[in-house]
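Take a look at the letters that make up each chain.
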Amino acid sequence: MSLLKKFNIIIPSFNDNELVELFLNQVKKDKFFKDKKIVFYVIDDGSIKKFPKKFLKKKYIKLIINKHNIGTHLSILQTIKKFKLSPCIFYWADQELPVKDLKKIIILYQKIRSPIIVKRKLSQSLLGFNVSSIIWKVYSIINNVRFENISTMVVNNIFLKKLMSKNFKINRRSNFFDLFVLSYKNHTYYEFEFIPKYKKNRISRWTFKKNLDLLTTLIFLNQNVKKIYLILFLLFILINFFLF
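Residues numbered from 1 in each chain as written. Predicted model: local features only at pLDDT ≥ 70, side-chain atom pairs only at ≥ 80, totals over all residues. Heavy atoms only, no water.

Draft legend 1. Molecular detail of the overall build of the chain. Across its full length, the chain holds 8 helices and 7 strands. Partitioning the intrachain contacts of the chain with sequence separation of at least 6 by distance along the chain shows that 76% fall at a separation of at least 24. Within the structure as shown, the chain displays about 13300 Å² of accessible surface, and the carbon and sulfur contribution to it stands at 57%. (Helix = DSSP H or I, 4+ residues; strand = E, 2+ residues; numbered from the N terminus. Contact = heavy atoms within 4.5 Å. Areas by Shrake-Rupley, 256 points an atom, 1.4 Å probe, with all protein chains shown as cover.)

Below, the structure written as structure tokens:
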């Protein structure tokens, strides 16, 4: 357990209180997370379903409540900046990333002390995953980077310094993928690949809406995008609509 000196896990949530509780119960039962230095920052992003007060009684859980829904990216960026969180990882409430892989990622970071790109392995050949893969491919071309199919990432002080920079103003259009590119494009980072895991009654959340959200975040809100990309992806949306 000596490796776990310091680590932060950010969990954004919008009406996902039951899933977050399920995850934290798994954590509670796992000896790996006994070290109190690992802190879970749970963000209630203006949810209708509220978290129980017991969340406030755990020293290793910090509950952050947004009065209004401001979106996943802005919630995460504000939390990192406010609490100066480094290193940290973003863990999605739908538990796409298995807990066993989360542990591997934490151990990996403590060994290498470098940012980590956490990618989905698309071996399931689900159409929703393949569509998202195309979106990521275009994003990587626009930004001239090699990573794609990102689920989440581990960031450290380089990211935080960029976030605290006077030249970077956080607003609703800000997204941490672009900020990551600005922070780490010329630095070394590692990659970790995992296979998404879903419950039988929740096979995948990669619906048309989810891909549309990803498309909007990665492409339309990207400062490097050209008008021609907007036209092409409007056509992409129409095609995607008929597929789903």
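Back to the write-up after that little detour.
Draft legend 2. Focus on helix α6 (residues 176-184). Taking burial as the measure, the 9 residues of α6 include 8 buried ones, the bulk of the element. Those residues of α6 lying buried are Phe176, Phe177, Asp178, Leu179, Phe180, Val181, Ser183 and Tyr184. (Buried < 20%, exposed > 50% of the residue type's maximum accessible area, 1.4 Å probe, protein only.)

Draft legend 3. Broad picture of the nonpolar core. In this structure, Ile10, Ile80, Phe90, Phe147, Phe159 and Phe176 are the most contacted members of the largest nonpolar core, which totals 40 residues. Among all residues touching phenylalanine 90, those that are not within four sequence positions of it are Ile10, Ile76, Ile80, Thr152, Met153, Val155 and Phe176. One finds Phe32, Leu97, Val99 and Leu102 within the second-largest nonpolar core, a separate group that totals 31 residues. (Core = buried A, V, L, I, M, F, W, Y, C linked by side-chain atoms within 4.5 Å.)

Draft legend 4. Representation of the packing of aromatic side chains. Tallied over the entire structure, the rule returns 14 aromatic pairs. Note on phenylalanine 23 and phenylalanine 40: the rings are 6.0 Å apart at their centroids and 70° apart in plane angle, and the pair reads as edge-to-face. On the criterion of sequence distance, the pair formed by phenylalanine 23 in helix α1 (residues 17-29) and phenylalanine 40 in strand β2 (residues 38-45) is long-range, its members being 17 residues apart. Through a chain of ring-to-ring contacts, three or more aromatic side chains come together here, namely Phe23, Phe32, Phe33, Phe40, Tyr60 and Tyr91. (Phe/Tyr/Trp six-rings, centres within 6.5 Å; stacked < 30°, edge-to-face > 60°.)

Draft legend 5. Expanded view of the sheet that holds strand β3 (residues 61-66). Spatial strand order, β3-β2-β1-β4-β6-β5-β7: 7 strands in an open sheet with mixed pairing. Of all strands in the sheet, those with a lone pairing partner are β3 and β7 (190-194), marking the two edges. Across the sheet, the axes of successive neighbouring strands diverge by a mean angle of 20°, strand direction being ignored. Sitting on the sheet, helix α2 (residues 72-83) touches β1 (7-13), β2, β3 and β4 (88-90), and the angle it makes with β2 is about 135°. (Pairing = 2+ DSSP bridges. Axes fitted to C-alpha atoms, helices over the stretch in contact; angles between N-to-C directions.)

Draft legend 6. Spotlight on the side chain of aspartate 44. Relative to the assigned elements, aspartate 44 resides in strand β2. Setting aside anything within four residues of it in sequence, one finds aspartate 44 in contact with Ser13, Lys50, Phe51, Leu63, Ile64, Ile65 and Asn66.

Draft legend 7. Representation of the packing of α2 against α6. In contact at an axis separation of 10 Å, α2 and α6 are set at 50° when each is read in the N-to-C sense. On the basis of their axis angle, the class for α2 and α6 is oblique. Between α2 and α6, the contacting residues are His73, Ile76 and Leu77 on the first element and Phe176, Phe177 and Leu179 on the second. In terms of residue class, the contact of α2 with α6 is built from 5 nonpolar, 1 polar and no charged. (Parallel < 35°, antiparallel > 145°, perpendicular 65-115°, else oblique. Nonpolar A, V, L, I, M, F, W, Y, C, P; charged D, E, K, R; others polar.)

Draft legend 8. Highlighting the environment of aspartate 94. Topologically, aspartate 94 is positioned in the loop between β4 and α3 (99-112). We classify aspartate 94 as buried; its relative accessible area is 7%. It is 10.0 Å that separates the C-alpha atoms of aspartate 94 and glutamate 18, two residues lying 76 residues apart in sequence.

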